[in-house]
Amino acid sequence: MAALLAISRAIDSISRVFGVIATWLVLLAALVSAFNAFARYSVGGVLYVGQKLGILEGPLTWLFNLYRDNSNIMSDLQLTMFAGMVMFGAPWTLRMNEHVRVDLVYGSVSDRARLWIDLIGGLLFLVPMCVVMIYFTWPWFVEAWTSNEMSSNAGGMPRWPAKLCLPLGFALVLLQGISELIKCVAGLTTGYVRGHTYEKPVQ
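Predicted, not measured: the structure shown is a model, and the values here were computed from it.

Quick notes on the rules
Residues numbered from 1 in each chain as written. Predicted model: local features only at pLDDT ≥ 70, side-chain atom pairs only at ≥ 80, totals over all residues. Heavy atoms only, no water. Helix = DSSP H or I, 4+ residues; strand = E, 2+ residues; numbered from the N terminus. Buried < 20%, exposed > 50% of the residue type's maximum accessible area, 1.4 Å probe, protein only. Contact = heavy atoms within 4.5 Å. Areas by Shrake-Rupley, 256 points an atom, 1.4 Å probe, with all protein chains shown as cover. Polar contact = N/O pair within 3.5 Å; in protein donor to acceptor, adjacent residues only side chain to side chain. Core = buried A, V, L, I, M, F, W, Y, C linked by side-chain atoms within 4.5 Å. Expected span 1.5 Å × (residues − 1). Bend = angle between axes of the 7 residues up to and from the residue. Axes fitted to C-alpha atoms, helices over the stretch in contact; angles between N-to-C directions. Parallel < 35°, antiparallel > 145°, perpendicular 65-115°, else oblique. Left-handed = near helix turned anticlockwise from the far one by under 90°. Nonpolar A, V, L, I, M, F, W, Y, C, P; charged D, E, K, R; others polar. Salt bridge = Lys/Arg side-chain N within 4 Å of Asp/Glu carboxyl O.

Asker: So what's going on with the overall build of the protein? Residues and values would help.
Answerer: Along the protein, the regular secondary structure elements total 4 helices and 0 strands. Starting at the N terminus and walking to the C terminus, you meet the elements of the protein as α-α-α-α. In the protein, buried positions account for 36% of the 203 residues. Contacts in the protein between residues far apart in sequence, at least 24 positions, make up 75% of those at least 6 positions apart. A total of about 12400 Å² of accessible surface is found on the protein, and carbon and sulfur atoms cover 71% of it.

Asker: Any chance you could break down the side chain of D76 for me, citing the residues and the numbers?
Answerer: Following the sequence through the fold, D76 ends up in helix α2 (residues 59–95). Reaching out from D76, the side chain makes a polar contact with the backbone nitrogen of M157 at a distance of 3.0 Å.

Asker: Any chance you could break down the nonpolar core for me, citing the residues and the numbers?
Answerer: Of all hydrophobic cores here, the largest spans 19 residues; its most connected members are L25, M81, M87, F88, C130, C165 and V173. Contributing elements (two or more residues each) for this core: α1 (2–53), α2 and α4 (160–190). It is α2 that provides the largest number of residues to this core, a total of 8 residues. In terms of nonpolar packing, the next biggest core, distinct from the first, is built from 5 residues, L115, L119, C184 and L188 among them.

Asker: How would you summarise the environment of L115 if you had to cite specific residues and measurements?
Answerer: Topologically, L115 is positioned in helix α3 (residues 111–146). Between the alpha carbons of L115 and A186 there is a distance of 9.7 Å; along the sequence they are 71 residues apart. Residues contacting L115, with those up to four places away along its chain left out, are C184, G187, L188 and R194.

Asker: Can you explain α3? Please cite residues and give values.
Answerer: One turn of an α-helix holds 3.6 residues; hence residues three or four places apart share an orientation. Spanning 36 residues, α3 covers 49 Å between terminal C-alpha atoms, matching the ideal 52 Å at 1.5 Å per step. Helix geometry: α3 is bent most strongly at G122, by close to 50 degrees. Buried within α3 we find R114, L115, D118, L119, G122, C130, T137, F141 and A144. Trailing α3 by a residue or two, N148 shows a phi angle of about 50 degrees, which is positive.

Asker: Go over the packing of α3 against α4 with me, naming the residues and quoting the values.
Answerer: The axes of two packed helices give the description: the angle between them and the distance between them. Running from N to C, α3 and α4 point in directions that differ by 160 degrees, and their axes come no closer than 8 Å. Between α3 and α4, the interaxial angle falls into the category roughly antiparallel. As for the relative orientation of α3 and α4, their crossing is left-handed in sense. Looking at the contact of α3 with α4 residue by residue, the class counts come to 27 nonpolar, 4 polar and 3 charged.

Asker: A description of the pattern of salt bridges should follow, citing residues and the corresponding values.
Answerer: Two side chains of opposite charge can pair, provided their charged atoms sit close to one another. With the rule as written, the count across this model stands at 6 salt bridges. R95 is paired through a salt bridge with D12; the nearest N and O atoms lie 3.4 Å apart. On the criterion of sequence distance, the pair formed by R95 in helix α2 and D12 in helix α1 is long-range, its members being 83 residues apart. D12 shares its class with R95; the two are buried. Of the charged contacts, one joins K163 and E149 as a salt bridge, the two residues approaching to 2.8 Å between their closest N and O atoms. One end of the pair, K163, is in helix α4; the other, E149, is in the loop between α3 and α4, and 14 residues separate them in sequence.

Here you go:
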């Protein structure tokens, strides 16, 4: 069991790294979104009027053309970062037991019963669902990669980075699910205490 718990800790460390990446993607996506909105509705408008009136030349015209030709890339970049923040943040959220639960029983039973619920739920639902999703999303990514599928937006990004987040994210959730199963078995057999506690919602 000590060896399995060491594997569990290693998986937790991997999930933490991707959780940090997801956190930074939230900030970057917000900055890209804010810049895109600012450029589209303020600077872009000024430059457009100035160009039409012929009063803006040189570097400002170059800047206008640069934004006009690449604005769709920023929209596609937001989509890719959103996929990353959701799929890369999911395993760490599972590690911290912060996923939303719709369970009328879980909050009213003992800690040992919760271990059984998490163990059975992981074996019957979490692990099989992750395997199924990896099976279906991996070919989707491979097809986008091999065909160099591009965004439907003019001048947009390739689609494969966003599609890669799906099988990769589900693989990470699967790994974290295995880590949680190890902890459940350890808790039931050796009295191991998981690093999080259940917080009963106040209603």
